[in-house]
Amino acid sequence: MRELHRRTALMIGLAAAFAAGTAAAQDRPRRGDRRRRRADRAVESGRSNAPHTSISTGSDPKQAYDLYAGAGTGPVLAYIHGGGWSMGDKAMVHSLPEYAQRHGLTLASIGYRLVPQVTPREQAQDVAAAVVALKRTHPGRPLFLMGHSAGAHLAALVGADPTYLAGVGLQPSDLAGVILLDGAGYDATGDRGNGPAGRLLGNLYSEAFGDNAAALSPTLLVRAGVRYPPYLIFYISSRDDARGQSEALAAALTRAGGQAQVIVAPDDSHRDINVEFGQAGDAEGERAVRFILGR
């Protein structure tokens, strides 16, 4: 019975955290409405009252980042929200503003256009546009790119495929580091497990990547001869594919001459690792700040 409860909780957590369903859901308006309401609640629950300024990076309202006020003079932490590539909002920062204040960081939360309006390729371009804007306005400051879930995929993609930063005059080594919080789709062509969670991921990948899964899989795009930033990769133990996806990305980076650390968050759910990150005493947040500050 305990195992049944665990599997049920995992499915509920995955469904809510990735915030997406199958393509058939488009034919069921009431289910679509429920998804939108759930996504709206997720945005509101993650919203912070910390003062910030929204800065546009494109013609679409989603192409913008929020820069949080603070006296931080240390590294810039640029966060990318999750939401199954199709939902979510840059307002979903939870405890990150306080985390940045506590450690002398400057926090930016990056928005991007959503599936089905665009694909993850254009989303990665939106992230790269925010990165170059932050580099220009914070010269000489190390910039760390961090994402959760689909946002972790986009962070990994921008850091691994030089195409995106090259489009704005940068290269992967211009990032000081990449921090991934239980991402998905590092290899969107790979095994996702045989259970319900694997089928859910399969639906998400089909909706987001279509026929371009390999071309949008960071693990498959790592190449020798490219200078990569160091990666810090967190994953949760309760998701079947999480360890394999994380370790395969780290192995690809290491083979190419880069550095990558993979760390399990044994007691966290997919939601917890994001919501609790940055709270005082949170193990993953404290490990990440050592990575950021070089301790």
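You'll find the structure just up there.
Residues numbered from 1 in each chain as written. Predicted model: local features only at pLDDT ≥ 70, side-chain atom pairs only at ≥ 80, totals over all residues. Heavy atoms only, no water.

(A) Molecular detail of the overall build of the chain. Tallying secondary structure elements over the chain gives eleven helices and eight strands in all. Long-range pairs, those at least 24 residues apart, make up 77% of the contacts in the chain between residues at least 6 apart in sequence. Working note: accessible area of the chain is about 12,700 Å², and carbon and sulfur atoms make up 50% of it. (Helix = DSSP H or I, 4+ residues; strand = E, 2+ residues; numbered from the N terminus. Contact = heavy atoms within 4.5 Å. Areas by Shrake-Rupley, 256 points an atom, 1.4 Å probe, with all protein chains shown as cover.)

(B) Structural view of the environment of Thr-137. Here Thr-137 is to be found in helix α4 (residues 120-137). A distance of 3.3 Å separates a polar side-chain atom of Thr-137 from the backbone oxygen of Leu-134. Separated by 3.0 Å, the side chains of Thr-137 and His-138 make a polar contact. (Polar contact = N/O pair within 3.5 Å; in protein donor to acceptor, adjacent residues only side chain to side chain.)

(C) Inspection of the sheet that holds strand β2 (residues 64-68) at higher detail. Ordered by their spatial adjacency, eight strands build an open sheet running β1-β2-β4-β3-β5-β6-β7-β8, and the pairing between neighbours is mixed. At either margin of the open sheet sits one strand with a lone partner, and together these are β1 (52-56) and β8 (260-265). If you compare each strand with its neighbour and ignore which way they point, the axes differ by 20° on average. Inspection of the sheet shows strand β3 (residues 76-80) paired to strand β4 (residues 106-110) by five bridges, in the parallel sense. Residue pairing across strands places Ile-80 opposite Ile-110, the latter belonging to β4. Packing against the sheet, helix α9 (residues 242-255) makes contact with β6 (177-181), β7 (231-236) and β8, and its axis sits at approximately 165° to β7. The sheet strands contacting helix α11 (residues 283-293) are β3, β5 (143-148), β6, β7 and β8, and the helix crosses β7 at an angle near 170°. (Pairing = 2+ DSSP bridges. Axes fitted to C-alpha atoms, helices over the stretch in contact; angles between N-to-C directions.)

(D) Here's a closer look at the side chain of Asp-241. Take Asp-241: it is sitting in the loop between β7 and α9. Residue Asp-241 is classed as buried on the basis of its relative accessible area of 5%. A polar side-chain atom of Asp-241 sits 2.8 Å from a polar atom in the side chain of Arg-239. Each residue touching Asp-241, except ones within four places of it in the same chain, is listed here: Asp-191, Arg-192, Leu-201 and Tyr-205. (Buried < 20%, exposed > 50% of the residue type's maximum accessible area, 1.4 Å probe, protein only.)

(E) Expanded view of the pattern of salt bridges. A full pass over the atoms with the stated rule returns six salt bridges. Taking the shortest distance from any N to any O, the salt bridge between Arg-239 and Asp-182 comes out at 3.1 Å. In this pair, Arg-239 is assigned in the loop between β7 and α9 and Asp-182 in the loop between β6 and α7 (196-209), connecting sequence segments 57 residues apart. A residue is classified by how much of its surface remains accessible, and Asp-182, at 0% relative accessible area, is buried. With a shortest N-O distance of 2.8 Å, Asp-241 and Arg-239 are connected by a salt bridge. Its relative accessible area of 3% is what places Arg-239 among the buried residues. (Salt bridge = Lys/Arg side-chain N within 4 Å of Asp/Glu carboxyl O.)

(F) Local environment of helix α5 (residues 150-160). For α5, the buried fraction is high: eleven of the eleven residues fall into the buried class. The set of residues buried in α5 consists of Ala-150, Gly-151, Ala-152, His-153, Leu-154, Ala-155, Ala-156, Leu-157, Val-158, Gly-159 and Ala-160.

(G) Structural context of the packing of helix α3 (residues 96-103) against α11. For the pair α3 and α11, the least separation of the axes is 12 Å and the interaxial angle reads 45°. The pairing of α3 with α11 is recorded here as oblique in orientation. As α3 packs across α11, the resulting crossing turns out to be right-handed. Only Gly-285, Glu-286, Ala-288, Val-289 and Leu-293 of α11 make contact with α3, whose side of the interface consists of Tyr-99, Arg-102 and His-103. Grouping the amino acids of the contact of α3 with α11 by side-chain chemistry returns four nonpolar, two polar and two charged. (Parallel < 35°, antiparallel > 145°, perpendicular 65-115°, else oblique. Left-handed = near helix turned anticlockwise from the far one by under 90°. Nonpolar A, V, L, I, M, F, W, Y, C, P; charged D, E, K, R; others polar.)

(H) Main features of the pairing of β2. Burial within β2 is extensive, with four of its five residues counted as buried. Here β1 runs beside β2; their pairing, made up of five bridges, is antiparallel. The residue of β2 that forms the bridge with Ser-56 is Ala-64. Taken together, the three bridges between β2 and β4 define a ladder with antiparallel strand orientation. Bridge pairing in β4 places Asp-66 opposite Ser-109.

(I) Region of interest: the nonpolar core. The biggest cluster of nonpolar side chains holds 55 residues, and the ones touching the most others in it are Trp-85, Leu-145, Leu-180, Tyr-231 and Leu-249. With residues up to four places along the chain from it excluded, the contact list for Leu-145 reads Ala-78, Ile-80, Ile-110, Val-127, Val-131, Ala-155, Val-158, Leu-175, Gly-177, Val-178 and Ile-179. In terms of nonpolar packing, the next biggest core, distinct from the first, is built from 23 residues, Tyr-79, Leu-181, Val-289 and Ile-292 among them. (Core = buried A, V, L, I, M, F, W, Y, C linked by side-chain atoms within 4.5 Å.)

By themselves, these are just geometric observations and shouldn't be taken as functional.
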